[in-house]
Amino acid sequence: MDKLFCSVFAFLSLASCTGVDAIRGNEYKLIKPPYAAEDITLGFAKDENRYFGQVLNYYFGNYTLGGKTIKLTAPASTKMAGPVEIMDAENEFLKDISGALEIKTEGDKLILKNKAGKEFVFEKKAPGEKQADPRAEK
C-alpha cells in the first residue's frame, strides 16, 4: 500500500510540472512563423506572472494562465532604433501575441495561437544560452 501511495504521489508531482505551468522560468526562441527579425524570444519569470523577450528591443509585460489560454498584457519595451524592416517585424510580432492566446506545450516546444488563427511555435532555449532577462531563472 505504501508503495502504491508513493507511486501515485510521485506521478502527481511530475504531472503538476508538465503542461502550461512548465513554461515558468523558461525562455523560448521563435522558430515559426518567420519574421524579418531573427532571434525573437519569449520567456516567463519563474516566480511571478511576468513575460519578457527580445526582438530588436527588450519587451515585457504580465500574463494570466487559464486552462488552455494565456493572456498577455500589452507589452512595454525599450525604444532602440534599428533597420525599418526589423522595427516593423517587431511591431507586427508584439501585436500578434498581445491578448488571449491558445497555449500548449509539446516537449521543448511552446505553441501559441492567436484569435486570428496564426500559430507561433517556439523552441526552449538550452541552459546557458543568453537570456533576454537574467532574472528569468530567479
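Residues numbered from 1 in each chain as written. Predicted model: local features only at pLDDT ≥ 70, side-chain atom pairs only at ≥ 80, totals over all residues. Heavy atoms only, no water.

1. With respect to the pattern of salt bridges
And then number 1: Throughout the structure, instances matching the rule amount to seven salt bridges.
And then number 2: With a shortest N-O distance of 2.9 Å, D96 and K118 are connected by a salt bridge. In this pair, D96 sits in helix 2 (residues 84–97) while K118 sits in the loop between strand 8 (109–113) and strand 9 (119–124), placing the two residues 22 residues apart along the sequence.
And then number 3: With its nearest N and O atoms 3.4 Å apart, the salt bridge here joins E123 to K109. With E123 in strand 9 and K109 in strand 8, this pair connects stretches of sequence that are 14 residues apart.
And then number 4: Given the relative accessible area of 30%, K109 is considered partly exposed.
And then number 5: Through salt bridges with shared partners, a single network forms among E92, D96 and K118. (Salt bridge = Lys/Arg side-chain N within 4 Å of Asp/Glu carboxyl O. Helix = DSSP H or I, 4+ residues; strand = E, 2+ residues; numbered from the N terminus. Buried < 20%, exposed > 50% of the residue type's maximum accessible area, 1.4 Å probe, protein only.)

2. Details of the nonpolar core
And then number 1: Of all hydrophobic cores here, the largest spans 26 residues; its most connected members are F44, I70, F93, L110, L112 and F122.
And then number 2: Of all elements in the fold, only strand 1 (27–32), strand 2 (41–44), strand 4 (58–66), strand 5 (69–72), helix 2, strand 7 (99–106), strand 8 and strand 9 reach the threshold of two or more residues within this core.
And then number 3: Contacts of F93, omitting those with residues within four sequence positions, involve L30, Y35, I40, V55, Y59 and F122. (Core = buried A, V, L, I, M, F, W, Y, C linked by side-chain atoms within 4.5 Å. Contact = heavy atoms within 4.5 Å.)

3. A word on the packing of aromatic side chains
And then number 1: Evaluation of the coordinates by the stated rule reveals seven aromatic pairs.
And then number 2: Ring plane angle 70 degrees and centroid distance 6.5 Å describe the contact between Y28 and F44, whose orientation is recorded as edge-to-face. A residue pair is termed long-range when its members are at least 10 positions apart, and Y28 in strand 1 and F44 in strand 2 qualify at 16 residues. In this pair, the class of Y28 matches that of F44, namely buried.
And then number 3: Ring geometry for Y59 against F93: centres 6.2 Å apart, planes inclined by 65 degrees, an arrangement best described as edge-to-face. Separated by 34 residues along the polypeptide, Y59 in strand 4 and F93 in helix 2 bring together distant segments of the chain. Like Y59, the residue F93 is buried in the burial classification.
And then number 4: Grouped by ring-pair contacts, the aromatic residues Y35, Y51, Y59, F93, F120 and F122 constitute a single cluster. (Phe/Tyr/Trp six-rings, centres within 6.5 Å; stacked < 30°, edge-to-face > 60°.)

4. Concerning the side chain of R50
And then number 1: Topologically, R50 is positioned in strand 3 (residues 50–54).
And then number 2: Judged by relative accessible area, which is 13%, R50 ranks as buried.
And then number 3: A polar contact is formed between the side chain of R50 and the side chain of E48, at a distance of 2.8 Å. (Polar contact = N/O pair within 3.5 Å; in protein donor to acceptor, adjacent residues only side chain to side chain.)

5. Considerations on the confidence of the model for the protein chain
And then number 1: Residue-level pLDDT values for the protein chain average 83, and 78% of them are 70 or greater.
And then number 2: Helix 1 (residues 2–15) is the least confidently modelled element of the protein chain, averaging 41 in pLDDT, while strand 8 averages 97, the highest of any element.
And then number 3: Overall, residues 4–18 carries pLDDT values under 50, and its contacts beyond four positions in sequence, including any with other chains, amount to two contacts.
And then number 4: Across residues 134–138 the pLDDT falls below 50, and counting only partners more than four positions away or on other chains, this stretch makes 11 contacts in the model. (pLDDT = per-residue confidence, 0-100.)

6. Overview of helix 2
And then number 1: In this model, helix 2 (14 residues) spans 20 Å end to end at C-alpha, consistent with the 20 Å of a helix rising 1.5 Å per residue.
And then number 2: Turning to helix 2, its buried residues are I86, A89, E90, F93, L94, D96 and I97. Seen along its axis, helix 2 keeps its buried residues to an arc of 160 degrees; they face one direction. Exposed and facing more than 90 degrees away from the buried side of helix 2 are V84 and K95.
And then number 3: Looking one or two residues past helix 2, G99 carries a phi angle of roughly 100 degrees, positive in sign. (Expected span 1.5 Å × (residues − 1). Arc of directions from axis to C-beta.)

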